[in-house]
Each structure stands twice: as structure tokens, then as C-alpha cells.
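Each chain, letter by letter, is given below.
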Amino acid sequence: MPKSDRKIENGAVQKHAFRQNPQVLSQDDERFQRIFLLLVLVTLLTFIIVPKGVLTTTEFVAGDIAPLDIKAPRDLLVPDEELTRQKRDEAERSVANLYDFDTTTGEVVSDQVAQVFNALHAAAEHELPVDQQIAELESSFGFKIDQKGFAALQELSSKTDNNIRISQLLKQLYRQKIAGNLKLFEADRPKGVVFRQLDSQTETTDDGNEVVIGLGQLHDLLKKALADSGFTANQEKVLKELVLPMLRPNITFNQNETEARRKAAGEAVKPVLIQVKKGEMIVREGDRISIEQVKRLSALQDGSSTVSLWRNATGLLLSCFLLIYFTHTFARRNIRKYQVGNRDLVFLSAVFVVHILILKISIFISSALGSAFPYVEQNAYFYFFPFAVGTMLVRIVINSEVSLVFAILTAIITGALFGNSFAIMFFAFLTSLAGAHWVRHVNERSTLFRAGFRLGMFNFTLLIALHLMTSKPFDLQLIYKLVFGFSGGLAAAVMVTGIVPLIESIFRYTTNIKLLELANMNNPLLRDLMVQAPGTYHHSIIVGNLAEAAAENIGVNPLMVRVAAYYHDIGKIRKPLYFIENIGAQENRHDKLAPSMSALVLMAHVKDGTEMAHEARLGKALNDIIREHHGTSLMKFFYDRAKSKADPGVEQVDERDYRYPGPKPQTREAALIMLADAVEAASRTLTDPTPARVQGMVQKIINNIFIDGQLDECELTLKDIHNIAKSFNLVLGGIFHYRVDYPEPVSKERGSEKGPRGTDEDRDRKPSEKAENRKASATKGSTEDLKRLGMS
């Protein structure tokens, strides 16, 4: 097919795939998603780094040793909290106690007495019995009275002037201020008292000269006034029983209003500020920090205003956006292996945010430890922080190129997080690169712990180098830093070991650690393949050996291709007897099928394998290799059979019906599996597998695949293909190696088969005659051979 026609066909296939699969995104949608993800990332980073409007997050306490000279970069107003608190307390104490003065209290008590007299008049008019009248008075007004007192009360109510006299007497008593608790009032008086009339809301300040009596004194004055009013003894007694419970104070302390006024007075006091001029030395390196210096340093960190906070946050956000965007764009266009999809970007963003957040939390913890253990400098704890964890995770999950870019970005952002510290940025960058280097090939779990030990030693050496650059003497603080640096390397390995399974589960990545688990032959899929399709199982093992050797030769992950080879034909588990390697002595089922139906059966194993891989959660990488390992190759045996059976004048055989649906291999791993699969299958047709024949067969198979265009969409070079062929020749030479003849034949040829029974799924080949003779010899006993071996 000409290249122009092939491009047109590929374009039509892509358009059809886009219509059939709504998950396929246009370039504009993908670009919008990436820009949105970047905005979310830089926003989260800004909120983490700028909690109080500044980039420096180191907090000092009184007694700390200053690690460097600190000058005021601008004019500062430092609030004096202690003096401000004293002034506010004074303002609160200056607020006088508020007492409400009710001038209507005397009238209210008089009205209550009048209501009693009115009730007596109403009962007399209705001529109710005396007992009933007494009961109604007790229930209505709540006081006990006997018949003798009731008679005296009736006598008082019979004269209207008595009611007037009692009302005038009460109003006269209530012209003065009466407190419910005179002792409490006298205690408040020296602090200042303000009287507020409830009816007019006017306030007057107590000058201390006005007489204020208590409720007990009011009772005494009332008794004296009744005694001097000319009432009889019975009348005086009943009036005392009636009126005394009704008496109440006319001034009451308003606690809520007083506290509200005191609070308002305290809040009205402005903070006391101490001015610090720009360039003024706040603290010198090596000095013990005092309480006043702590206040000034805190003011320096807090910033002078909210405007400064938003200005710093906006500047940091724009800087992070430009840094990440252009670094990503440069890497994507200039670094060949920097190919990240949306899933990768989400993973990288999540690791980035969590990485910076952990460092932020660690800073606060180190600040607390610095206060608890003042003999250890706070910056010594920094070297225990997991600077390398993020880059190590990216290296394990994706590749070296992406981890390098990630290390650069995280190191720069980490430097900003630590107050624009170049030393921390330099240390974070180098330790991240070293950690990523030692986890590049995790072929066993112990590799992570060896990497942690090496990273600890690297940190140890790097800290000594940094210390020598400062020209400082070797002291106890350096020992602390070395211990923390070495421990930090070990801690990073432990964290990576625990986090990798979580990442595999959440983001569905297939890491080398996951591949190690899948390479276990006790995996349910491999056990099913071994039991139900033993020929395919053995074929997969040989393909794994071929692919692994070639992968090591061309620089592809050998563990990935070996595991992919184990699982590339798992779809044959569902119809194992339709594939020649599993038929054994049975008849070939394709002899009774039409070529088109046989082609459909063979195509189905790719789809079935993809479904089984998805159900078993093998991961996207293995799933793609299973789907791509046949590409769009032609099943030539069935295609030729169909053409031989077709009537040229009636129908034309369409070649596309006998091609696998694809897609073609997109990665070097998938292409390597395709080549190893085809070479291993074809190698079984060799009747006399001499080295020359093996080499010729390998060259022919690879050339056919190349000419068919199956390698057009992957990154295999001609040099890679040449090295792959050399590796295949070497492995197959070991499989078909020459042996000397035994003195006696191990088994006797007792029959022959009638001829080839079928073909492999995608190559027109037939089984070798030697292989069929071996099958025939296996049908009879071998007692004679066992005796010859001394085993019976």
C-alpha cells in the first residue's frame, strides 16, 4: 500500500476512533484541561508557601541563637502587645458600673395594693362567702390571711381615703434610690457608678453624696410610716403582710450593658506600635534572641498589611505559573522521552503538592523541636526532611527524564519555601537526583533499601562539602546535621516503599515493583494459562526469554517486556484448542471452519486478552502491549486459503478482513513483543534448525514485519532492529543447540503422522516432522527406556 494511501487510511481510522470513543479528547480540550490543572497546582502551592504573607517561615523564640544577621528590609511598626494590653485593661476599668433607675417602681407597688382593694370591693358586691373571698385573695395575690386580718383589710378598703394615704406613703418612700444588695452597691461605688433612668434614658454620674438605702432599710421605713399613720393594730399588721412582699428595689445593676461598654472601651484603644526604621539591625548572627527581638522578627514575618500579603501571593503565583509552564513546554519539545499524558500530569501535580505540604509541616515540627531542644539548631532538622521522595516516586513510576524536570521544579519551589535559601535548594536538587538515580531499576524490593542507604551516605558527604564551603570549624552542630542527613536518606526509602503501592492503586500505574508481583508464576492468570493452554504457556516463556535478552541489548526495561511476554496471549485461555500449539494429538478445528471464521476466532484472542487484563488490573502498559502485539498484521495462511477457495468471477477476498484490528505498536516494548512472538512461532517450523537457518529465519520474519509497516508508529531505530536480531539469534542458538548422538536412541520411531494439521494464528507454517514423530512415539509406553536409564 502506498504511503499516501496508508496515511489516508490511518486518518480515517483515527476519526472513526474519535467518533466511537467519547474519551478521546480533542487537542483544544486536552490543552484546556492541562492549563486548568496548572492553575490549580500553582494556586495550591501559593497557599501552602505563603501562609502569612511572606516567604520566610522560620519562627524564633526567646533564647534561640540567631543563624544570620537580620535587618529590617523596610520601615516596620512593631505592635507592643504587653503595653497595648495594659492600656486596654485601664480603659476597661475606667468604665463605670451602670445601674438602671426605675422611677415608676413606687407607682407599680401602689397599683398592686389598689388591685387588692378593688378585688375586695368586687367580692363584697357579689356577696360571696368570707372563706371564698379569702381563698380568691390568696390565689390571686399570693399572701396568707386569716379571718381577723381579712376583716381589718375590708375595713381599710371601705374607706377610699385609706387607699390614697397608702399610695402617697409608698410614693414618698420611693423618691430615694433603693438597692437590692446595698453591700454590692457600696463596693461598686468607689469604681464609679452611673444611674440611667429607664423612662427617659438619661444618665447621671453618682457623686457619692446621694443617699442610697437597701431593701431592708425600706422595710423599716415602711413599718415606721404605718405606725405613724394612725391605723389600728390589726390594720397595721395586715398592711405589713400585704405591702412588704410587694416592695422591690428601684435601682438594679445592668451587668450585660456594663461588660459591653467595657469591651467597647478596650477595643477602642489602638495598638501601641514601636517604629523600626529600614536597614535597622534587628539581630546579629550568633546573638541570643530576646523577647523584644522576637516581636520585631514576628512583625517582619507577618508583613505590614493585607495588601502586602496579596502582593506577595500574586507574585509567587505568577512566578510558579511561568516556571512550571515554560519548563514543561521546553521539556516536551526538546526531550524525546518527556512524553506525559493527562494522567501523568495529575499524578505529578498531586506528588508536587503533597511533597511541598509535607515539607511545610516538617518546618513547623522542626520549629517545635528547636524550642524543646535548644542545643540543636533548628536548621539542622531540615536535612532529615524527605526532599528526595517526590523525585524517587516519579522515577519509579514514569522515567528518568520526567524525574529530572520534576527535581528541578521542586528544588526551586523548595528554596522559596525555605526563605529563598540557596543552600536548601542546592541540597534538595542534588539529593533528589541521587535518589532517582539509585531507584532507576527496581528489580527487587531490597533495591529500595539499598538506595536509601546510598542516599544517606550521599547526604552525609554532601553536607560535609557544604560545610567546608562555609569555612566554619567542625563542631557539634555539624554532627547533628550529618546524623539527620543520613537518617533522611533511609527515611526517604521507607516512605517510597510505603507510598508506591498506594500510587499503583490510585493511578493504575504498573511499576517495576508491580511487575515483580505479576512475574510470579503462581499468578491466577498464568496458572490458568499453564493448565488450559500449556502450549501457549511454553510459547510465552520462550517469548519472554527472547524479548528480555533483546530489551537489555537496546536499553528497554527488560522486566517490563518479560512480564508482558508472559501475559501477551492470555486471551487464548478462552479458546485454547483453536491454536496449534495447544492441539496436541487432536484434530485441527480450523479444518472444519471457513477461513473468514478462523480469522475471527484468532482476532478474538486479542480482545479477550485485553478484557482479562483489565479485569485483573494488570495496568495500562501491559494492557496496551496485549492489544498492540499483533498490530494490523495479516493472517497470511487463512488469507491465502480464502483466495484459493474463492471464485474469481463471483467474489473478491478483502485483505482487511484478515488483518488484526490493531493498533500498531506504539512503544518499543510492544514492538519487541511483536517481533519475539513472530520469531518464536516461526522457529518451531524449522526442520533442521542450524545457526544459519535460524539466522535466516529471524532476518526474514523481522524484514516482513518491517516492510508491512508494523513498526512505523514506534521508536525503534534500524540499529535497534539489528541488535534485536542479534539477540534473537543468540537465544535461539541456545535453544536449538547441537547435541552428540547417544549410543542408543532414547526413543524409537514407531510411526509417522499423516501431515500438518494446521497453522499458527498469523503465520503460514506447519509443525516439523520431528515434532510429529515425537508426538507419535509418546503414545506408547517407554518401559524399555526406563530400564535403560536404571529407573525401574
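Computed from a predicted structure; not experimentally measured.

Novice: Where do I start with unusual backbone geometry in this structure?
Specialist: Note: most peptide bonds trans; most residues except glycine with negative phi. Between G662 and P663 the backbone carries a cis peptide bond, its omega angle lying at 10 degrees. Counting through the fold element by element, P663 comes out in the loop between α26 (636-645) and α27 (668-683). Unusually for a residue other than glycine, R508 sits at a positive phi of about 60 degrees. Relative to the helices and strands, R508 is located in the loop between α19 (476-507) and α20 (512-518).

Novice: I'm lost on the pairing of strand β2 (residues 76-79) in this one. Help?
Specialist: Each regular strand carries side chains that alternate between the two faces of the sheet. Here β2 shows a buried face lined by L76 and V78 and an unburied face lined by L77 and P79. Relative to strand β9 (residues 273-276), β2 is paired through four bridges, and the arrangement is antiparallel. Looking at β9, one finds that L76 is bridged to V276.

Novice: For this particular structure, what's the right way to read the pattern of salt bridges?
Specialist: Pairing of side chains with opposite charge becomes possible as their charged atoms draw close. Using the criterion set out here, one finds 25 salt bridges in the structure. Among the salt bridges present, the one from R659 reaches E655, with a minimum N-O distance of 2.8 Å. By relative accessible area, E655 is classed as partly exposed at 32%. Close ionic contact of E680 with R684 constitutes a salt bridge, the shortest N to O distance being 2.7 Å.

Novice: Just checking my understanding: could you explain a nonpolar patch on the surface for this structure?
Specialist: A surface patch of nonpolar side chains, about 530 Å² in accessible area, is lined by L357, I361, I365, L369, F373 and Y375. Relative to the helices and strands, L357 is located in helix α14 (residues 342-372).

Novice: Looking at this structure, how should I read helix α18 (residues 446-469)?
Specialist: Every α-helix winds through 3.6 residues per turn, so residues three or four apart in the chain are directed the same way. Taking 1.5 Å per residue as the helical rise, α18 with its 24 residues ought to reach 34 Å, and the 35 Å between its terminal C-alpha atoms agrees with that figure. If you check which residues of α18 are buried, you get T447, L448, A451, G452, L455, G456, N459, L462, L463, L466 and H467. Buried residues along α18 sit in contact with α15 (389-397), α17 (422-438), α19 and α20.

Novice: Would you explain α15 in this entry?
Specialist: Of all nine residues that make up α15, nine are buried, and the element is covered over most of its length. Buried within α15 are the following residues: V389, G390, T391, M392, L393, V394, R395, I396 and V397. If you follow the buried residues of α15, they end up packed against α14, α16 (400-417), α17, α18 and α19.

Novice: I would appreciate a short explanation of the confidence of the model for the protein chain in the present structure.
Specialist: Parts of the prediction with low pLDDT should not have their coordinates interpreted in detail. With 82% of its residues at a pLDDT of 70 or more, the protein chain has an overall mean of 81. Segment residues 1-24 is flagged for pLDDT under 50; beyond a separation of four residues in sequence, or across chains, it makes 10 contacts in the model. Ignoring residues within four places in sequence, the model shows residues 52-57, a span with pLDDT below 50, making 26 contacts including any to other chains.

Novice: Help me understand the pairing of strand β3 (residues 97-101) in this model?
Specialist: The buried fraction of β3 is high, at five of five residues. The two faces of β3 match: N97, Y99 and F101 on one face and L98 and D100 on the other face are all buried. Taken together, the five bridges between β3 and strand β5 (residues 193-197) define a ladder with parallel strand orientation. Directly across from Y99, in β5, lies its bridge partner F195. In this sheet, strand β8 (residues 251-253) lies alongside β3 in antiparallel orientation, the contact comprising three bridges. Among the inter-strand pairings, D100 is bridged to a residue of β8, identified as T252.

Scoring rules and cut-offs
Residues numbered from 1 in each chain as written. Predicted model: local features only at pLDDT ≥ 70, side-chain atom pairs only at ≥ 80, totals over all residues. Heavy atoms only, no water. Helix = DSSP H or I, 4+ residues; strand = E, 2+ residues; numbered from the N terminus. Buried < 20%, exposed > 50% of the residue type's maximum accessible area, 1.4 Å probe, protein only. Pairing = 2+ DSSP bridges. Salt bridge = Lys/Arg side-chain N within 4 Å of Asp/Glu carboxyl O. Patch = residues over 30% accessible without salt bridge, like charges linked within 9 Å, V, L, I, M, F, W, Y side chains within 5 Å. Areas by Shrake-Rupley, 256 points an atom, 1.4 Å probe, with all protein chains shown as cover. Expected span 1.5 Å × (residues − 1). Contact = heavy atoms within 4.5 Å. pLDDT = per-residue confidence, 0-100.

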